[in-house]
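This is what each chain is made of:
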Amino acid sequence: MSLYYESKDTVIEKLSSHEEMGLTSNSVQERLQQYGRNTLREKKKKTMLERFLEQFKDAMILILLGAAAISFGIACFEGNPKEFFEPALILLIVLLNAVMGVIQESKAEKALDALKSLSAPNARVIRDGAEHIIQAQDLVPGDIIKLEAGDFVPADARLLQSVSLKSEESALTGESVPSEKDANLPVAEGAPLGDRSNMVFTGCSITYGTATAVVTDTGMNTEMGKIANLLEGETESLTPLQEKLAQLGKYLGVVALASCAVIFLIGLLNHLPPLELFMTAVSLAVSAIPEGLPATVTIILSIGVQRMVKKNAIIRRLPAVETLGNASIICSDKTGTLTQNRMTLVKGYAEEESGLAVLNQSVDPTIKKLLQYAALCCDASVIFEDGKAVHIGDPTETAIVLAAHQQGMEKAVLNRDYPRVAELPFDSDRKLMSTVNQIDGKLVVITKGAFDVMANCCISGNLTQGAEMTRAMSADSLRVLAVGYKEIPQLPEEISPATLENGLHFMGLVGMIDPPRPEAKKAVEVCRRAGIRPVMITGDHVITASAIAKELGIMNDKDLAVTGAELDAMTEEELENRVSQISVYARVSPENKIRIVKAWQKRGQVVSMTGDGVNDAPALKAADIGCAMGITGTDVAKGASDMILTDDNFATIVDAVKEGRGIYANIKKVVGFLLGTNIGEVITVFLAMIFWHRTPLLSMQLLWINLVTDSLPALALGVEPVEADVMEQKPKPKQEGIFAHGFGLQIMLQGAMFGILTLIGFYLGHEVTGQLEGGQTMAFMVLALSQIFHAFNMRSAHSLFRIGPFSNHKLNWAALGSIFLTCLVLFTPVRLAFGLMILPGTLYLIAVGLILFPVVIMELFKAFGWIRRS
């Protein structure tokens, strides 16, 4: 509803809401029923029937069905019931393949939908008089929401209160510069969207300031919802690896089609039945072309991403999984990522005191006043539920608020007795926050922030002693904040750093401890072994940062620690030359982060960068892998990231890299398995036609092998557990292809091995039985079962007996299922429909030897070190 031209009170009245109490729980439920969820209409999903029909869009499948139809027509014309079997079987196998494709696509879509729900935005809302954090989709018109810099606006809302508010609205208005917002600004009815300065809109983000607003519209009724149809034009894109594999599939398709054409011509010249020959050639093309490889990779990526979720890493973009395994540099924030983010105020220094005061006991009046002023200059709050403190907001601020509470000063009481009349929100460039409060009838500006920045704003106070105390606390790994203040006669016309943050009196310091995470040190060690360089980036004092970096093993005696100011003084060339020597960056700005990322990238490194603030978004986008904090991160940072750490933990990044390496390794295994076996099929039929002018495998036999071996074992191989030594390997170079280090040659040789073994089986079967069907039965058995056993070979570059031959339970079941289906065709009356026969016992013994030969030969190659992890 259009309420931008109404007064605040009128809007609240029309929406039957209350600015301080918000909506009641009962009212929320009623409005959810009335207005629905706060979500935009998504692109219409394909029905099962549409997905099923899409499985037949491949040209080779259509040709094969056409050939089967011709065969069926001839059988009807000749009136021979036996001739019905082949086209009927081909149709059945193609239908089974289509069903498998639909099932796989559905699983992949469900996995990706689950990821979307995990990364859904939240909203801070006031209901029943209390502040809550809820999913944005649960908002209803009339809800009172709170916004601050870095938040995505969760619904269209009318501002009730605002402080220096700016909103980035380019998605709606096309205006690249953030729009200034003011809750008290009247707007004329009919004003264009860009001029509605008292409104904020869903899909936009808050770039500066804070606000309280009342939701006016949700879901499809929002301004973004009105243009939601434009969003339905989005197309699904492939990851870089999928694109390369799709391109490879096209090249292999050309080779397979050329081979099939040669096979068809040779057969015609040798007077083989044209229709049977044609169907065999087309079936070979269908079996040999890995058209389903990109889809298989999607499923492997999706399953891998689900595994990462269980380890507190939410992947927002599938290509990030491919990049993760290549990470060679991890640039990590200190606070909350390498440390526990459990800030506790432990020491304080007031200017009138001679030394540091311990804050876990009663303190003198000067320290108490310091805590009072510091708490007044905080936006965070601490509430108590069942006797436990629940921290809402920035951990640094909640530590101050809790310390004030422990000294008998409740934040709510302080806000009531000394009301805030103006403020300058914290800014990562200024590294300061300021408020103006009415204290004992006077207007007092209170500023808190980094001491070295605060010192430039102060004109009185013992700054020399303050600097000494800052160094002393920093050396003890404490995070230090300075507090300053001044009295002003009246509010300036413009609330800005220039009018408030100068002429201050230095009041004192508070020091808080944030202990390193116990698991961080171990994670750093894992990084070192894996060839990954950890780098600390922090807004803290350089002494504090260096002390913690040395404790964690990030920094050694030869490494450097530089400040943002020193970094600013370096040219791009100097930074590029020195970046490998620097392990700690302190007091950095968001712009510094981008320079660090690009300096490493110029040296050919794959860089992961963490961030949580709105200004970190450019650095997160510039990095190869942007990691946003799930707990302290802003919505803007999460939106710019490739991965969200739900526990804000450095060790989670390392675990994600490990999973990324495992997923990439599994994709290589599946690619090697599928291409090797497909090449074997082409070689088998091609060489048999050249040397014997006979087809060793019929069309339905080829299709059955393709169905049985290319689906279940391949997918089971794709979920192989991550190998224990995956983090003992160095990261692979940025431009390295999937077939590097002889992997492509290895696939070709394995394909040749399958071809030769199958041809040996075909020859022996034909010679012993004296029948073509005997040779084809032997070829079918050897090719199908050897491929199934080969899936176990592809599990690792290590011996099967080292990793446990049956430790992948999914592969065990997949192999048993495939073996059962193969034996069903070999040893039951079904064999007649497939053109197979019962063989003499000696041939079965020979077949077992040929089937197990790849396992034996691969184990020998692994033992001699001829097969290595590529």
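Computed from a predicted structure; not experimentally measured. Numbers given to residues run from 1 along each chain, matching the order in which its sequence is written. The predicted nature of this model means local features are confined to residues of pLDDT at least 70 and side-chain atom pairs, given and counted, to a pLDDT of 80 or more, with totals for whole chains, interfaces and linings taken over all residues. The side-chain values count all of the structure's non-hydrogen atoms but skip hydrogen atoms and water molecules.

Glancing now at the overall build of the protein chain. Helix and strand content of the protein chain: 34 helices and 25 strands. Along the first, second and third principal axes, the C-alpha atoms of the protein chain reach 110 × 65 × 50 Å. The buried share of the protein chain, reckoned over its 870 residues, is 54%. Residue contacts are counted whenever heavy atoms from the two residues lie within 4.5 Å of one another. For the protein chain, the proportion of contacts with a sequence separation of at least 24, taken over those separated by at least 6, is 72%. Charge assignment in this entry is limited to Lys and Arg as positive and Asp and Glu as negative, and neither His nor the chain termini are counted. By convention, charge coordinates are those of NZ in Lys, CZ in Arg, CG in Asp, or CD in Glu. Averaged over its 78 positive side-chain charges, the protein chain has a centre that lies 5 Å from the centre of its 95 negative ones. Elements are defined by DSSP. Helices are runs of H or I of four residues or more, strands are runs of E of two residues or more, and each kind is numbered from the N terminus. Summary of the burial criterion: residues with accessible area below 20% of their type's maximum are buried, those above 50% are exposed, and those between are partly exposed, where the area comes from a 1.4 Å probe applied to protein chains only.

In terms of nonpolar packing, the biggest core is built from 115 residues, with Phe650 and Met781 touching the most fellow members. Broken down by element, the residue count for this core peaks at 18 residues, all from helix α26 (residues 650-692). Ranked by size, the runner-up nonpolar core spans 35 residues in total, among them Ala375, Leu376, Cys377 and Ala404. For our purposes a nonpolar core is just a set of buried Ala, Val, Leu, Ile, Met, Phe, Trp, Tyr and Cys residues, chained together by side-chain atoms within 4.5 Å.

We note that Ser16 has phi near 50°; this positive angle belongs to a residue other than glycine. With respect to the secondary-structure elements, Ser16 resides in the loop between α1 (8-14) and α2 (25-35).

By definition here, a salt bridge exists when the distance from a side-chain nitrogen of Lys or Arg to a carboxyl oxygen of Asp or Glu is within 4 Å. As enumerated under the stated definition, the model contains 28 salt bridges in all. Note that Glu720 and Arg795 form a salt bridge whose closest N and O atoms lie 2.9 Å from each other. Residue Glu720 is located in the loop between α28 (712-718) and α29 (743-769), and its partner Arg795 is located in the loop between α30 (772-793) and α31 (800-803); the two are separated by 75 residues in the primary sequence. Since its relative accessible area comes to 3%, Glu720 is described here as buried. Where salt bridges share partners, they join Arg124, Glu131, Lys146 and Glu148 into one cluster.

What follows covers a nonpolar patch on the surface. A cluster of nonpolar residues, Val856, Leu860, Phe861, Phe864 and Trp866, forms a patch on the protein surface that exposes about 550 Å² of accessible area. Checked against the element boundaries, Phe861 lands in helix α34 (residues 841-863). We classify Phe861 as partly exposed; its relative accessible area is 32%. Like-charged residues within 9 Å of one another, or nonpolar side chains (Val, Leu, Ile, Met, Phe, Trp, Tyr) within 5 Å, are grouped into patches, provided each residue has over 30% relative accessible area and no salt bridge. Only the protein chains shown count as cover for residues, and the accessible areas themselves come from Shrake-Rupley with a 1.4 Å probe.

Let's shift gears to the sheet that holds strand β22 (residues 582-586). Strands pair, by our definition, only if DSSP identifies at least two bridges between them. Pairing is mixed in the open sheet, where eight strands are placed in the order β8-β25-β24-β23-β9-β20-β22-β21. Lying at the two open borders of the sheet, with one neighbouring strand each, are β8 (313-315) and β21 (560-563). Each strand axis lies, on average, 20° off the axis of its neighbour in the sheet, ignoring direction. With five bridges connecting them, strand β9 (residues 329-333) and strand β20 (residues 533-538) associate as parallel partners. Across the sheet, residue Asp333 finds its bridge partner in β20, namely Ile537. Note on definitions: angles span 0 to 180 degrees between N-to-C directions of axes, and those axes are lines fitted to C-alpha atoms, for helices only across the stretch in contact. With respect to the sheet, helix α23 (residues 590-602) is in contact with β9, β20, β22 and β23 (607-611), its orientation differing from that of β23 by roughly 170°. Contacting β8, β9, β20, β23 and β25 (643-645), α26 runs over the sheet at an angle of about 155° to β9.

This part is about the pairing of strand β19 (residues 504-513). Of all the 10 residues making up β19, eight are buried; the element is thus mostly covered by neighbouring parts of the structure. Pairing of strand β10 (residues 344-350) with β19, which is carried by six bridges, proceeds in the antiparallel orientation. Considered in β19, the bridge of Thr344 is made with Ile513. Pairing between strand β17 (residues 458-460) and β19: two bridges, direction parallel. Within β19, the residue paired with Cys458 across the bridge is Leu504. As defined by bridge partners, strand β18 (residues 478-488) adjoins β19 across eight bridges and the pair is classed as antiparallel. Looking at β19, one finds that Leu481 is bridged to Val510.

Between the rings of Phe, Tyr and Trp (Trp by its six-membered ring), a pair exists once the centres lie within 6.5 Å; its type follows the angle of the planes, with under 30 degrees stacked, over 60 edge-to-face, and the other angles tilted. The full count for this structure, using the stated rule, is 12 aromatic pairs. Relative to Tyr485, the ring of Tyr373 has its centre 5.4 Å away and its plane inclined at 75°; by these criteria the two rings are edge-to-face. In this pair, Tyr373 is assigned in helix α13 (residues 365-376) and Tyr485 in strand β18, connecting sequence segments 112 residues apart. Each member of the pair, Tyr373 as well as Tyr485, is classed as buried.

All right, on to the confidence of the model for the protein chain then. pLDDT is a per-residue confidence score from the predictor, ranging from 0 to 100. When pLDDT is averaged across the protein chain, the result is 86; 90% of the residues are at 70 or more. This stretch, residues 229-236, has a pLDDT under 50; its non-local contacts, to residues over four places away or in other chains, come to seven contacts.

Turning our eyes to something else, we now look at the pairing of strand β16 (residues 442-449). In terms of burial, β16 is a largely internal element, seven of the eight residues being buried. In terms of strand pairing, strand β15 (residues 432-439) meets β16 through eight bridges, oriented antiparallel. Each bridged residue has a counterpart across the sheet, and for Thr435 the counterpart in β16 is Ile446. What sits between β15 and β16 in their antiparallel hairpin is a turn of two residues, with Asp440 showing a positive phi close to 50°. Two elements, β16 and β18, share seven bridges in a ladder whose sense is antiparallel. When the bridges of β18 are listed, Gly449 appears paired with Ala482.

Following both chains from N to C, one finds α30 and helix α32 (residues 809-827) inclined at 175°, their axes separated by 10 Å at the closest point. Between α30 and α32, the angle falls in the class roughly antiparallel. Packed against α30, whose contacting residues are Thr777, Phe780, Met781, Ala784, Leu785, Ile788, Phe789, Ala791 and Phe792, the element α32 presents Leu811, Asn812, Ala815, Ser818, Ile819, Thr822, Val825 and Leu826 at the interface. Roughly parallel covers angles under 35 degrees, roughly antiparallel covers those over 145, roughly perpendicular covers 65 to 115, and oblique covers all other angles.

Here the focus is the side chain of Glu423. Here Glu423 lies in strand β14 (residues 420-427). Filtering out sequence-adjacent residues up to four positions away, Glu423 remains in contact with Val163, Ser164, Thr210, Asp379, Met433, Ser434, Thr435 and Ile495.

The definition used for a disulfide is geometric: two cysteine sulfur atoms within 2.5 Å. For the structure shown, the criterion picks out zero disulfides. Cys627 forms no disulfide, and the closest cysteine sulfur to it belongs to Cys331, at a distance of 10 Å. You can call Cys627 buried: its relative accessible area is 0%.

Moving on, we come to α23. Residue pairs three or four apart in sequence face the same way in an α-helix, which turns once every 3.6 residues. Along its 13 residues, α23 runs 19 Å from first to last C-alpha, staying within 8% of the 18 Å computed at 1.5 Å per residue. Among the residues of α23, those classed as buried are Pro590, Asn592, Lys593, Arg595, Ile596, Val597, Ala599 and Trp600. Directly after α23, the chain includes Gly604, whose backbone phi takes a positive value near 80°. Take the residue count of a helix, subtract one, and multiply by 1.5 Å to get its expected span.

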